[in-house]
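So you can see what is in the structure, the chains are spelled out below.
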Amino acid sequence: PADQLHLLTLLGTLDLSFNEIKTFEKDTRFPPDLRDLTLTGNLLGEDPDANWLNVIDSNSDCRSSLQKLLVQMNHICGHFPLPSSLSALTVLDVSVNHISQLDCGPSWTPQLNSLRMLVLSYNGLTELPDEIGLLLKLRELNIENNKLEALPSGLCKCTSLVSLTAQSNQISNLPPEFSTLKSLE
């Protein structure tokens, strides 16, 4: 049962892909050493009132251990708030959903200082927030197959970026500062 997940103290990987999970109960506790959580192919986001991400983001049990969060192929629509408390998170993949905008509240950036890979492909993103440039350790950004018309100039602050995948968008030109990204492969 979900209310006893936290008792699996040695569990490092939890793959709940292709089930019918719509949300987690507010008091759900995850294993304290959980590093990888895969929720691909579920029904997350189907109920707009269910705040599944907040349950994970505010979960004190795995806040400092969760490194990889995969939530591809769900029903996440509209605004997607980037998690603000997962300080160990290195990989976040929310591809193949219906996200139109990333919400970057004032508290998210300092906490996502470990994020290395952000996958936002196959959504409906029309723009990226300029604050994306505050993810200084970001190495890979995949934004292919969205509806982006431009890249934010703030992206040029991601000096660790080595891979940017942006094909199949509507981008007409790059920000002038783009030439400062010497690390792109």
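Residues numbered from 1 in each chain as written. Predicted model: local features only at pLDDT ≥ 70, side-chain atom pairs only at ≥ 80, totals over all residues. Heavy atoms only, no water.

Peer 1: How would you summarise the overall build of the chain if you had to cite specific residues and measurements?
Peer 2: A count of helical and extended segments in the chain gives two helices and nine strands. Walking the chain from its N terminus toward its C terminus, one meets helices and strands in the order β-β-α-β-β-β-β-α-β-β-β. The globule rule puts the C-alpha radius of gyration for 185 residues at 16 Å, and the 16 Å found for the chain is close to it. Dimensions of the chain, computed from the C-alpha atoms along their principal axes, are close to 50 × 30 × 25 Å. Counting only residues that meet the buried cut, the chain has 48% of its 185 residues in that class. Across the chain, contacts joining residues at least 24 apart in sequence account for 46% of those joining residues at least 6 apart. With the model as given, the accessible surface of the chain reaches about 9,200 Å², and the carbon-plus-sulfur share is 49%. In the chain, 12 positive and 22 negative side-chain charges are present, and the distance between their average locations comes to 8 Å. (Helix = DSSP H or I, 4+ residues; strand = E, 2+ residues; numbered from the N terminus. Rg over C-alpha atoms; globule rule 2.2 N^0.38 Å. Buried < 20%, exposed > 50% of the residue type's maximum accessible area, 1.4 Å probe, protein only. Contact = heavy atoms within 4.5 Å. Areas by Shrake-Rupley, 256 points an atom, 1.4 Å probe, with all protein chains shown as cover. Lys, Arg positive; Asp, Glu negative; His and termini not counted. Charge placed at Lys NZ, Arg CZ, Asp CG, Glu CD.)

Peer 1: Give me the nonpolar core: which residues, what numbers.
Peer 2: Ranked by internal contacts, the top residues of the largest apolar core, which has 45 residues, are Ile 56, Leu 69 and Phe 80. If you list the elements that add at least two residues to this core, you get helix H1 (52–57) and strand E6 (98–103). Look past the residues within four positions of Ile 56 in its chain and what remains in contact with it is Phe 24, Phe 30, Leu 37, Leu 39, Leu 66, Leu 69 and Leu 86. (Core = buried A, V, L, I, M, F, W, Y, C linked by side-chain atoms within 4.5 Å.)

Peer 1: Go over unusual backbone geometry, please, and point to the residues and values.
Peer 2: The backbone of Met 73 sits at a positive phi, close to 55°, despite the residue not being glycine. As for its position among the elements, Met 73 is in the loop between strand E3 (68–70) and strand E4 (77–81). The backbone of Tyr 122 sits at a positive phi, close to 55°, despite the residue not being glycine. Its place among the elements puts Tyr 122 in the loop between strand E7 (117–119) and strand E8 (140–142). In this structure Tyr 122 comes out as partly exposed when scored by relative accessible area, which is 44%.

Peer 1: An account of the pattern of salt bridges is requested, with residue identities and associated values reported.
Peer 2: This structure, assessed with the given rule, holds one salt bridge. Residue Lys 22 pairs with Glu 46 through a salt bridge whose shortest N-O separation is 3.3 Å. Of this pair, Lys 22 sits in the loop between strand E1 (13–15) and strand E2 (36–38) while Glu 46 sits in the loop between E2 and H1, and the two are 24 residues apart along the sequence. Overall, Lys 22 belongs to the partly exposed group, its relative accessible area being 40%. The exposure class assigned to Glu 46 is partly exposed, which follows from its relative accessible area of 39%. (Salt bridge = Lys/Arg side-chain N within 4 Å of Asp/Glu carboxyl O.)

Peer 1: Can you tell me about the sheet that holds E1, naming the residues and giving the values?
Peer 2: Pairing in this open sheet of seven strands is parallel, and the strands run E1-E2-E3-E5-E7-E8-E9 from one edge to the other. The sheet is open, and its two borders are formed by E1 and strand E9 (163–165), each paired with just one other strand. Geometrically, the sheet is characterised by an average inter-axis angle of 0° between neighbouring strands, direction not taken into account. (Pairing = 2+ DSSP bridges. Axes fitted to C-alpha atoms, helices over the stretch in contact; angles between N-to-C directions.)

Peer 1: Give me the lowdown on a nonpolar patch on the surface, citing residues and values where you can.
Peer 2: Judged by side-chain polarity, Phe 18, Met 73, Val 96 and Tyr 122 come together as a nonpolar surface patch covering roughly 400 Å² of accessible area. If you trace the backbone, Phe 18 turns up in the loop between E1 and E2. Look at Phe 18 and you get exposed, because its relative accessible area is 56%. (Patch = residues over 30% accessible without salt bridge, like charges linked within 9 Å, V, L, I, M, F, W, Y side chains within 5 Å.)

Peer 1: Tell me about the side chain of Thr 28, and name the residues and values.
Peer 2: With respect to the element layout, Thr 28 can be found in the loop between E1 and E2. Among the residues examined, Thr 28 registers a relative accessible area of 6% and is labelled buried. At 2.8 Å, the side chain of Thr 28 forms a polar contact with the backbone oxygen of Glu 25. (Polar contact = N/O pair within 3.5 Å; in protein donor to acceptor, adjacent residues only side chain to side chain.)

On their own, these measurements won't tell you what the molecule is for.
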